[in-house]
Amino acid sequence: MSHRLGPGSPPGVWVCSTDMLLSVPPNPGISWDNFRGARVIALPGSMAYARNHGVYLTDSQGFVLDIYYQGTEAEIQRCARPDGRVPLVSGVTFFSVETAEHLLATHVSPPLDACTYMGLDSGARPVQLSLFFDILLCMARNVNRENFLVGQPPEMGQGDSDVAGYLQAARAELWRELRDQPLTMAYVPDGSYSYMTSSASEFLCSLTFPGAPRARVVHSQVEELQLLGAGSSVVSCLLEGPVQLGAGSVLQHCHLQGPIRIGPGCLVSGLDTAQCKALRGLDLHDLVLQGHHVQLHGAPGRVFTLVGRLDSWERQGTGTYLNMSWSEFFQKTGVRDWDLWDPDTTPAERCLLSARLFPVLHPLRALGPQDLLWMLDPQEDGGKALRAWRTCWRLSWEQLQPCLDRAATLASRRDLFFHQALGKVRHVLEARQDLSLRPLIRAAVREGCPGPLLATLDHVAAGAGDPGVAARALACVADVLCCMAEGRGGLRSGPAANPGWMRPFSYLECGDLAGGVHALAQERDKWLSRPALLVRAARHYEGAGQILIRQAVMSARQFVSTEPAEQPAPGQWVVAECPARVDFSGGWSDTPPLAYELGGAVLGLAVRVDGRRPIGARARRIPEPELWLAVGPRQDKMALKIVCWSLDDLRDYCQPHAPGALLKATFICAGIVHVGSKLSLREQLLHAFGGGFELHTWSELPHGSGLGTSSILAGAALAAVQRAAGRAVGTEALIHAVLHLEQVLTTGGGWQDQVGGLMPGIKVGRSRAQLPLKVEVEEITVPEGFVQKLSDHLLLVYTGKTRLARNLLQDVLRSWYARLPAVVQNAHSLVQHTEECAEAFRQGSLPLLGQCLTSYWEQKKLMAPGCEPLAVRRMMDVLAPHVHGQSLAGAGGGGFLYLLTKEPRQKEALEAVLAKTEGLGNYSVHLVEVDTQGLSLQLLGGETST
């Protein structure tokens, strides 16, 4: 109602019946232009169906002329649409404010005041009105006053003739108040309508998809799906072993263990493993078998009912039971009519509703389905089953209804739902399925059942042979804890190094997964008392997941190798210089764990900014057995200088914000220094190299530029240090070495930056959905002259916004581990889009590349909402008419914006455009050209260092 029929309607009142099932398309196309009066919603039905229902007769403009209930053939034919179907009365009506006020005005007018509690409490005689055949019918254009006043609604029985006069006065009042209000019909041709009756056959139809090639399985775990018949339906069940379900049958709220065979046309609900034995060896057909929770004189119990799918629940007509006549049933089973009805019950009252068929208490044992199932095929047991049935206290369906314990029923359904859901959680995680467990997590927390879910996640994490499965299970634990905090407790992202969690972390670092998970759970129990603690515990679970991601990415180390090379002379500088990188497609897919769970593909360009290669490092050997580190501008007068005399000076190498942490991690990852060694730093350096090293790194790009600076810098530092130590490292080995270094440094991160900046030109990096994590690079061949053309049309704009998106990565990983459908789909699109972008480069088409950039930026925003600051959006809107496409570099949030301009060499023109726009802040425009060299290494003379 709210999301499909309601949108666009003016103010007013919606009235909805609840005795039907409606299916309405997402956009039913209801027009509210110039609307006044009341409106009825109609859905299509066949003429045969309409014989037992209400239909609308309308004119060509949609005004209702008449409403027929169980109309004649001719009347129904008159209502038919061109497609042969008729508009059914669907039970949904809208009253405009004006019409609703007219209707409301009648509640104080006798005799209509007797429709409300105000009238009843004043002693008035009650009046029952029909929404459709009293209130709406008087607005229908073809209805005249005389016929309306003497008519009777179909709900009025034959014995109600004494109220006819009273009703006439009520209708006269309605006519006076509502006759002038127009009544129109909105017809939804793609919708469907099903009136809910007591027919088991119709109920089964509403729960199944007749003609569907497969079974529908909802909120259920089924071990042998192939045994479910076509068009059958399984809802909230746990089916273990061979449970066969016939075509068109329905299982609801059951926990069954095979072998069990349920034939076609059956509804079975509310059974558990205790009743399975009674079903074995039977082949049920066209039956409804249900287990019920009851309260009998305050005592809880279980009762079972069995009826035929074709049985009639009407009081009139010839009755049946188990799809056979009563006489046939009596003859087959030995049951007699006095077993079911009192002697003074008239033949007309002897029906299925009043038959005392269903045992509710046996003097010696618990009841089960077998106390009814014997009737299907009475055995030659000397009447033993019949005598047992007669021994029981039995009730009719009418008598049973008030005893049903709905609270116990819902509680058992909830327990079963979570029992099968925990199996689903295990299966989704262990089979690495891209299904989101978030809805299940929310349900478990809201229903007060987080404990079993946490225990299941612990079990999966501890037993996982794959760090990816374990990390996802720990991320789900973090989701449960945050859900328990109910949106309170502070920021989700933040530090995760509380001393209480160090013991579990140490187990994980040592590779003891089971011990680590167990220790995490023990610590978690201390943090469940209030929201702030829950959120902090969630952060530490994400920290534990990061340890496992780190171990998975460390598998890239096996692709790092070095070759011996001539050692430069002491004091001789080895200088490494690198371009920056611009990502054109696929970013985020290279980020662990996506890189090895989904498989990544990123297209990147190596670029010079304003004609320069802005990132570099230089290293040389020095006689002192120390490490001299410098971070800062290339001319090192302003550089930050650090001297490491001992191993203690290196211990903060894994704290990214510590001064010189990246340079310290470089020496450790290069194998020059071993922090866990018993030898001192001095001894290690003298023994292996006869002295120490000096390393200086620089970047001419601002912090948070989005151009891959830190990873490329790590590559340059590693290349320079290894060469100074007398080792040569290939670029491919260097790409994997940077992955390793960034895990040691604990910054994480993917592989696209070093691929983009260390390898020359235009290329696609790819990693497969597997461990060990290996990156393969393909150079993209472009038409002759296209590299220069591209450089003429590429520009960088520094937005003046430093990217403060520290939490972007954590948010993306959280969404990925939760397997949010939009994020999973977007991640697949990123990879696919990279191949399309590569093709645009091969064709040398700037407009196509512009489209690639535009859609890539949309994908980045989907992946990391919040990565587009308002000032940047304003800048992009201003530049849009002048460019084929544009995107923020890297993860977004600030830094550099890169543009593919429609005209070549547009730097001055775009500077003029931006200068006219207010509120853009401290921006700058830069030239950019494709770099065809990549990482370069050169040996310089041994000038002295300051």
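Residues numbered from 1 in each chain as written. Predicted model: local features only at pLDDT ≥ 70, side-chain atom pairs only at ≥ 80, totals over all residues. Heavy atoms only, no water.

Colleague: Would you mind showing me how to read unusual backbone geometry here?
Modeller: Backbone geometry follows two general trends: most residues other than glycine have a negative phi, and most peptide bonds adopt the trans configuration. With omega at 0 degrees, the peptide bond leading from proline 110 into proline 111 counts as cis. Topologically, proline 111 is positioned in the loop between α3 (97-105) and α4 (117-120). Of the consecutive residues glycine 258 and proline 259, the connecting peptide bond is found in the cis state with omega at 5 degrees. Positive phi, normally seen in glycine, also occurs at arginine 905, with a value near 50 degrees. Relative to the helices and strands, arginine 905 resides in the loop between β37 (896-901) and α33 (907-915). A residue is classified by how much of its surface remains accessible, and arginine 905, at 59% relative accessible area, is exposed. (Helix = DSSP H or I, 4+ residues; strand = E, 2+ residues; numbered from the N terminus. Buried < 20%, exposed > 50% of the residue type's maximum accessible area, 1.4 Å probe, protein only.)

Colleague: Would you explain the UniProt feature "domain: GHMP kinase C-terminal" (unreviewed entry) in the chain in this entry?
Modeller: According to UniProt, the "domain: GHMP kinase C-terminal" (unreviewed entry) feature falls on residues 838-913. Between the first and last C-alpha atoms of residues 838-913 the distance is 31 Å; the span itself is 54% helix and 16% strand. (UniProt positions renumbered as here; feature names shortened; annotations may be inferred.)

Colleague: What should I look at first to understand the packing of helix α15 (residues 406-430) against helix α18 (residues 467-484) in this one?
Modeller: Helix-helix packing: each pair is described by the crossing angle between the helix axes and the interaxial distance. Interaxial distance between α15 and α18 falls to 9 Å at its minimum, and their mutual angle equals 140 degrees. Accordingly, the angle class assigned to the pair α15 and α18 is oblique. Contact residues: α15 offers Val428, Leu429 and Glu430, while α18 offers Val469, Arg472, Ala473 and Cys476. Of the residues contributing to the contact of α15 with α18, the split by class is five nonpolar, no polar and two charged. (Axes fitted to C-alpha atoms, helices over the stretch in contact; angles between N-to-C directions. Parallel < 35°, antiparallel > 145°, perpendicular 65-115°, else oblique. Contact = heavy atoms within 4.5 Å. Nonpolar A, V, L, I, M, F, W, Y, C, P; charged D, E, K, R; others polar.)

Colleague: Where do I start with the side chain of serine 493 in this structure?
Modeller: With respect to the helices, strands and loops of the structure, serine 493 is situated in the loop between α18 and α19 (502-509). For serine 493, the side chain forms a polar contact with the side chain of arginine 814, separated by 3.0 Å. (Polar contact = N/O pair within 3.5 Å; in protein donor to acceptor, adjacent residues only side chain to side chain.)

Colleague: I keep staring at the sheet that holds strand β14 (residues 250-252) and nothing clicks. Help me out?
Modeller: Pairing between the strands of a sheet comes from backbone hydrogen bonds, and it takes one of two forms, parallel or antiparallel. In spatial order, the strands read β9-β11-β14-β17-β18-β19; together these six strands make up an open sheet with mixed pairing. Looking at the sheet topology across the chains shown, the edges are occupied by β9 (216-218) and β19 (299-308). Strand-to-strand, the axes of this sheet are offset by a mean angle of 15 degrees, without reference to chain direction. The sheet contacts of helix α8 (residues 200-207) involve β11 (233-235), β14, β17 (267-269) and β18 (287-296), and relative to β14 the element is tilted by about 80 degrees. (Pairing = 2+ DSSP bridges.)

Colleague: Mind showing me how you'd approach the domain arrangement of the chain here?
Modeller: Size of an interface: often given as the accessible area lost when the parts come together. Along its sequence, the chain is carved into domain 1 (1-194), domain 2 (200-405), domain 3 (408-558), domain 4 (559-779) and domain 5 (786-930). Computed over C-alpha atoms only, the centres of domain 1 and domain 4 are separated by 76 Å. (Domains from an automatic or database assignment.)

Colleague: What should I look at first to understand the sheet that holds strand β31 (residues 692-699) in this one?
Modeller: Taken in spatial order, the six strands make up an open sheet running β30-β29-β31-β28-β25-β39, and their pairing is mixed. What marks the edges here is a single partner per strand, and that holds for β30 (640-644) and β39 (936-939). Each strand of the sheet is rotated relative to its neighbour by a mean of 15 degrees, with strand direction disregarded. With five bridges joining them, strand β25 (residues 574-578) and strand β28 (residues 615-622) adopt antiparallel strand pairing. Within β28, the residue paired with valine 575 across the bridge is arginine 618. On the sheet, helix α24 (residues 681-689) packs against β28, β29 (627-631), β30 and β31 and is oriented at approximately 100 degrees with respect to β31.

Colleague: What's the story with the pattern of salt bridges in this structure? I'm lost.
Modeller: Oppositely charged side chains can pair when the atoms bearing their charge come close. Tallying each qualifying case throughout the model produces 47 salt bridges. Where arginine 36 meets glutamate 98, a salt bridge forms, and the shortest distance between an N and an O atom there is 3.5 Å. In this pair, arginine 36 sits in the loop between β2 (20-23) and β3 (38-45) while glutamate 98 sits in helix α3, placing the two residues 62 residues apart along the sequence. A relative accessible area of 42% places arginine 36 in the partly exposed class. Among the residues examined, glutamate 98 registers a relative accessible area of 33% and is labelled partly exposed. A salt bridge links glutamate 778 to arginine 766; its shortest N-O distance comes to 2.8 Å. In this pair, glutamate 778 sits in strand β34 (residues 775-779) while arginine 766 sits in strand β33 (residues 762-767), placing the two residues 12 residues apart along the sequence. (Salt bridge = Lys/Arg side-chain N within 4 Å of Asp/Glu carboxyl O.)

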